[in-house]
Amino acid sequence: MKEKLILWWRSQNNSIRKKIFRLMFFGSMTVFVFLGIFVTYGLITLDNALTDESDILSDTSAQYIENVTGEQITGRLVDLAQSRAYSIETELLGISYDTIYIANGLEEILKHSYHFSPVVLPDSRYTAVRSGEVYVHRGTSLFLNGESEDVRREIELASNVVEYFEPMVKKYKQYESSIFVGSRHGYIIAVDNTPGNEYITMTEEFMQSYEPTQRGWYKNTKVKGTLTFNDIYVGAEGFPSFTCSAPYEDANGFAGVVAIACSVKSVSDIVKSAVLGDSGISFVMNDNGKIMLSTRHDGILASENSVDLRNINNEKLAATVNKMINGEKGWQTVEIDGEEWFLAYAPLKKINWSFGTLISKKEAMSPAVQAGENIVTQINGFREMMQNSVINFIVVATIVFWSLLVVLYQICYWLTSKFVKPIRKLTVGVKEISAGNLDKKISISTGDELETLANSFNNMTEELQKYMANLTKVTTEREHIATELAVATNIQASMLPHEFPFEPGRKEFDVYATMHAAKEVGGDFYDFYMVDDENLLITIADVSGKGVPAALFMVVAKTMLKNSALSMDYVDDLCHLMAKTNDQLCKNNDAMMFVTAFLGILNLPTGIFNYVNAGHNPPLIYRAEEKRFEYIPVERNFVMGGMEEIDYKGQALVMAKNDRLILYTDGITEALNEQGELFGEERLLSELNSIDVDNKDSQALLADLKERLDDFVGNAEQSDDMTMLTIIYNGAENS
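Rules used throughout
Residues numbered from 1 in each chain as written. Predicted model: local features only at pLDDT ≥ 70, side-chain atom pairs only at ≥ 80, totals over all residues. Heavy atoms only, no water. Helix = DSSP H or I, 4+ residues; strand = E, 2+ residues; numbered from the N terminus. Buried < 20%, exposed > 50% of the residue type's maximum accessible area, 1.4 Å probe, protein only. Contact = heavy atoms within 4.5 Å. Areas by Shrake-Rupley, 256 points an atom, 1.4 Å probe, with all protein chains shown as cover. Pairing = 2+ DSSP bridges. Axes fitted to C-alpha atoms, helices over the stretch in contact; angles between N-to-C directions. Salt bridge = Lys/Arg side-chain N within 4 Å of Asp/Glu carboxyl O. Phe/Tyr/Trp six-rings, centres within 6.5 Å; stacked < 30°, edge-to-face > 60°. Arc of directions from axis to C-beta. Core = buried A, V, L, I, M, F, W, Y, C linked by side-chain atoms within 4.5 Å. Parallel < 35°, antiparallel > 145°, perpendicular 65-115°, else oblique. Left-handed = near helix turned anticlockwise from the far one by under 90°. Nonpolar A, V, L, I, M, F, W, Y, C, P; charged D, E, K, R; others polar. Patch = residues over 30% accessible without salt bridge, like charges linked within 9 Å, V, L, I, M, F, W, Y side chains within 5 Å.

**Student:** Quick question: what am I supposed to make of the overall build of the chain here?
**Tutor:** The helix and strand tally for the chain stands at 16 helices and 22 strands. Looking at the chain as a whole, 43% of its 735 residues are labelled buried. Of the contacts made within the chain by residues no fewer than 6 positions apart, 65% connect residues no fewer than 24 positions apart. Looking at the chain as shown, the accessible area adds up to about 39800 Å², and 54% of this sits on carbon and sulfur atoms.

**Student:** In this structure, what is going on with the sheet that holds strand β15 (residues 535-543)? I would like to understand it.
**Tutor:** Spatial ordering of the open sheet is given by β14-β15-β16-β17-β20, a layout of five strands whose pairing is antiparallel. Two strands lie at the open edges of the sheet, namely β14 (524-530) and β20 (650-654), each paired on one side alone. When the angles between neighbouring strand axes are averaged without regard to direction, this sheet yields 15°. Helix-sheet contacts for helix α12 (residues 547-566) involve β14, β15 and β16 (595-603), and the interaxial angle to β14 is about 20°.

**Student:** Just to check I follow, could you spell out the pattern of salt bridges for this structure?
**Tutor:** Side-chain pairing between opposite charges can occur once the charged atoms of the two side chains come close. A full pass over the atoms with the stated rule returns 21 salt bridges. For Asp308, the salt bridge is made with Arg310, and the minimal N-O distance between the two is 2.8 Å. Salt bridges linked by common partners bring Glu149, Asp150, Arg152, Arg153 and Glu156 together as one network.

**Student:** Whenever I open this one, the packing of aromatic side chains confuses me. Can you help?
**Tutor:** Enumeration over the complete set of coordinates arrives at 17 aromatic pairs. Linked through ring pairs, Phe500, Phe502, Phe509, Tyr512, Tyr526 and Phe528 together constitute an aromatic cluster.

**Student:** Is there a simple way to think about the side chain of Thr333 in this case?
**Tutor:** Along the chain, Thr333 turns up in strand β10 (residues 330-336). For Thr333, a relative accessible area of 16% puts it in the buried group. With near-sequence residues (within four places) excluded, Thr333 lies in contact with Lys316, Trp341 and Phe342.

**Student:** Whenever I open this one, the pairing of strand β3 (residues 187-193) confuses me. Can you help?
**Tutor:** Looking down a regular strand, the side chains alternate between one sheet face and the other. Of all seven residues making up β3, seven are buried, and the element is well covered by its neighbours. Every second residue of β3 is oriented toward a common face, with Tyr187, Ile189, Val191 and Asn193 on one face and Ile188, Ala190 and Asp192 on the other, all of them buried. Pairing analysis gives four bridges linking strand β1 (residues 135-138) to β3, with the strands arranged antiparallel. The residue bridging Val136 from the neighbouring strand is Ile189, located in β3. Two strands pair when backbone bridges link them, and strand β2 (residues 177-183) and β3 are joined in this way by six bridges, in the antiparallel orientation.

**Student:** What's the story with the environment of Ala671 in this structure? I'm lost.
**Tutor:** Relative to the helices and strands, Ala671 resides in the loop between α14 (666-669) and α15 (681-689). Take Ala671: its relative accessible area is 3%, and that puts it in the buried class. Separated by 39 residues in sequence, Ala671 and Asp710 place their C-alpha atoms 9.5 Å apart. Apart from residues lying up to four places away in sequence, Ala671 is in contact with Glu677, Leu678, Phe679, Leu709, Phe712, Val713 and Met722.

**Student:** Mind showing me how you'd approach helix α5 (residues 162-171) here?
**Tutor:** Since the α-helix advances by 3.6 residues per turn, residues separated by three or four positions end up pointing in the same direction. Within the sequence span of α5, burial applies to Val162, Tyr164, Phe165, Met168 and Val169. Projection of α5 onto a plane perpendicular to its axis shows the buried side chains occupying an angular sector of 145°, all on one side. Opposite the buried face of α5, at more than 90 degrees from it, the exposed residues are Glu163 and Lys170.

**Student:** What's the story with unusual backbone geometry in this structure? I'm lost.
**Tutor:** Trans is the prevailing form of peptide bonds, just as negative phi is the prevailing case for residues other than glycine. With omega at 5°, the peptide bond leading from Phe500 into Pro501 counts as cis. If you trace the backbone, Pro501 turns up in the loop between α11 (449-495) and β13 (509-516). Positive phi, normally seen in glycine, also occurs at Asp337, with a value near 55°. Secondary-structure assignment places Asp337 in the loop between β10 and β11 (339-348). Taking the relative accessible area as the measure of exposure, Asp337 reaches 67% and is therefore exposed.

**Student:** I would appreciate a short explanation of the environment of Thr90 in the present structure.
**Tutor:** In this structure, Thr90 sits in helix α2 (residues 16-111). Separated by 258 residues in the primary sequence, Thr90 and Leu348 have C-alpha atoms spaced 9.1 Å apart.

**Student:** It is not clear to me how the sheet that holds strand β22 (residues 722-729) should be interpreted in this structure. Could you clarify?
**Tutor:** Paired through backbone hydrogen bonds, the strands of a sheet run either parallel or antiparallel to each other. In space, the five strands of this open sheet follow the order β13-β22-β21-β18-β19, with antiparallel pairing throughout. Because the sheet does not close on itself, it has two edges, and the strands there are β13 and β19 (628-631). The sheet shows a mean angle of 15° between the axes of neighbouring strands, direction not considered. In this structure, strand β21 (residues 660-664) lies alongside β22, joined through five bridges in antiparallel fashion. Within the sheet, the bridge partner assigned to Tyr664 lies in β22 and is Met724. The strands touched by α15 within the sheet are β18 (620-623), β19 and β21, with β19 carrying the most contacts at an inclination of about 155°. Sitting on the sheet, helix α16 (residues 698-713) is in contact with β13, β19, β21 and β22, with an inclination near 145° to β22.

**Student:** Please clarify how the pairing of strand β7 (residues 253-263) should be interpreted in this entry.
**Tutor:** The element β7 is extensively covered by neighbouring structure, given that ten of its eleven residues are classed as buried. Across seven bridges, β2 lies against β7 in antiparallel orientation. Each residue of the ladder has a partner; that of Ser178, found in β7, is Ala261.

**Student:** What is the right way to read the nonpolar core from this model?
**Tutor:** Across soluble globular proteins, you tend to see nonpolar side chains buried next to one another. One finds Ile102, Phe165 and Ile189 to be the most contacted residues of the largest nonpolar core, which totals 58 residues. Aside from chain neighbours lying at most four places away, what touches Phe165 is Ile102, Val134, Ile179, Phe180, Val181, Ile189, Ala190 and Val191.

**Student:** Explain the environment of Thr669 to me, please; I cannot follow it from the model alone.
**Tutor:** Here Thr669 is to be found in helix α14. Taking the C-alpha atoms as reference points, Thr669 and Leu684, 15 residues apart in sequence, are found 7.0 Å from one another. Excluding its chain neighbours within four sequence positions, the residues that come into contact with Thr669 are Asn617, Tyr664, Leu678, Phe679, Gly680, Glu681 and Leu684.

**Student:** What is the right way to read the packing of α12 against helix α13 (residues 574-586) from this model?
**Tutor:** Any two packed helices are characterised by the angle at which their axes cross and by the distance between the axes. Orientation of α12 relative to α13, taken along the N-to-C sense of each, is 140°, at an axis distance of 9 Å. Relative to α13, α12 is oriented oblique. Crossing of α12 over α13 shows right-handed handedness. Each of Phe553, Val556, Ala557, Met560, Leu561, Ser564 and Ala565 in α12 lies in contact with α13, whose residues at this interface are Leu577, Lys580, Thr581, Gln584 and Leu585. Per-class residue counts for the contact of α12 with α13 are eight nonpolar, three polar and one charged.

**Student:** So what exactly am I meant to see when it comes to a nonpolar patch on the surface here?
**Tutor:** Together, Val395, Val396, Ile399, Val400 and Leu404 make up an exposed nonpolar region whose accessible area comes to about 420 Å². Here Val400 lies in helix α10 (residues 361-434).

Note that all results are geometric; they support no functional claim without further evidence.
Structure representation (structure tokens):
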């Protein structure tokens, strides 16, 4: 009898509907019970705790908040001082490094004069000087007494420092700034930046009585014999400015001073950003205890105050100043003008200065005092509210619990019955499909994920049937196409010259070329071969379109060009060759394809380069004597294959020893980066002129250019074939 009861119980409780029902009902009921117990217990416990501890909390909370607030404020002040000190130090170090850089460069010029040629700069006494233009100015004594031949030569030699000035002019051009060299002989070499003005205004005092050796920056630096930061002053823009200077030497020892004078607006902004609250003050102090920069304009912390703060009648502040000068970091409460302040400080280690920031203790702590009083008031009110709420909650919760229990039972029973019905239907259909009946359709209209799942199964059976039918056919076709494209790629690559060096026995030239197709096969091509013992023919071309059609037309065009070239009567008859090939390409050109081409012949003994351009991009030539690339002039001839009986105009130029030619297709200049920007002809010329061309052979030159192109393109997809060819003319073999 017992076993029968167990079997009956299991049969009644083994359905998914009853399992879900029990799970929902008993789970929800358990949550309600435990939640009610927990909340009731928590409310009672909280009420008792508030009653016992409210008096203690009222007495200690205000003091605790004040202590914590003080620690947080001082900690924040110290962190702020440290970060701003680092930022200021970074700004000043950059200027000091630039000053040392120029000083070292000038020493190199003076001590190794045989490496440099004389340079003549504009003289400010006779020439109007533009903003950003380097000039020379002779001090009053040197101008009136005249200069010796040795001094004149030194000025022309030292003027080579312009190469070190140029990057600095760009760096400081956004501020009022000056970069100058003051010689012991009484002259300066300088450049001034005056944003918004085209020319520099030379004052009467500067023109009539200026003596660089009598200036403070010169004297201070000469005495110290090392890098010097001179006193900050207010410049023409209204922002603080200063001079950073360093000595330089020649073969005889001390020769003068290099200096950078510029606005320190960025440093002033950093100092201002460290101010906290309405009463906050921030300042920078040098190693002599003098305020160099301050947000306060009166009192002992004003930047106009030149007093050594170590000697003031304020022992606590003076002691803190000594710590700052010694490079320490920390905070201290100090009294200024009868009021207590929090002072945090941090060192600028590299230049032996220090940064400080203050906030009034009264202002800093006032929120904490007010917060403590509010907390005491709120705790007392909250305790009374909780005592009343606990009683009301227990009564209401008991009534609501039993009402919800009845409603929950009915809802769980209805939901489980409704939920399980479509699942059963779906289960039967899936079993039939899994057995292999792909024609089975499951019909469920629930408007939810179950209906979506049923439709997905129906779609899956249809797609499986289609997939199984088409899989074999598609696989075979793809393998066949892939094989043919691989063969076509290899064939096209083998048609272009690919063995380098070409003609290794010939020393008159060095030639190299590359082609990167956008697809498996492309429409670009290049070619080069010896027409006879003295003439090298080079070709680069771009067929309209891409892929297999362009590749086929490329083969035809390349073959016709080479056949016509090898049958020429005269090696410089390129115009006739181009016209003849054009007429051949136009015949039976039903696809209306065309090709742009550049064809040239280099005479190796003379360096004469005859060429014809048929609508192609203009090549670039590197003139070894001038050390730069430029585009060669090309006639605007028509493309080949577009129209018959075209007269092409040829051109010629002479290549000197070590000159270089670079030919390319529009896939180079029209290459796009991820932002959709074109590489362009101007960027191509700029990148080539930044390459150390003289130390690279033809292969290395193209590799360097391709690397720069890849850096510009980034991860953008290649949209066109990219072909490049370069030739270096080494001169006649016996030259």
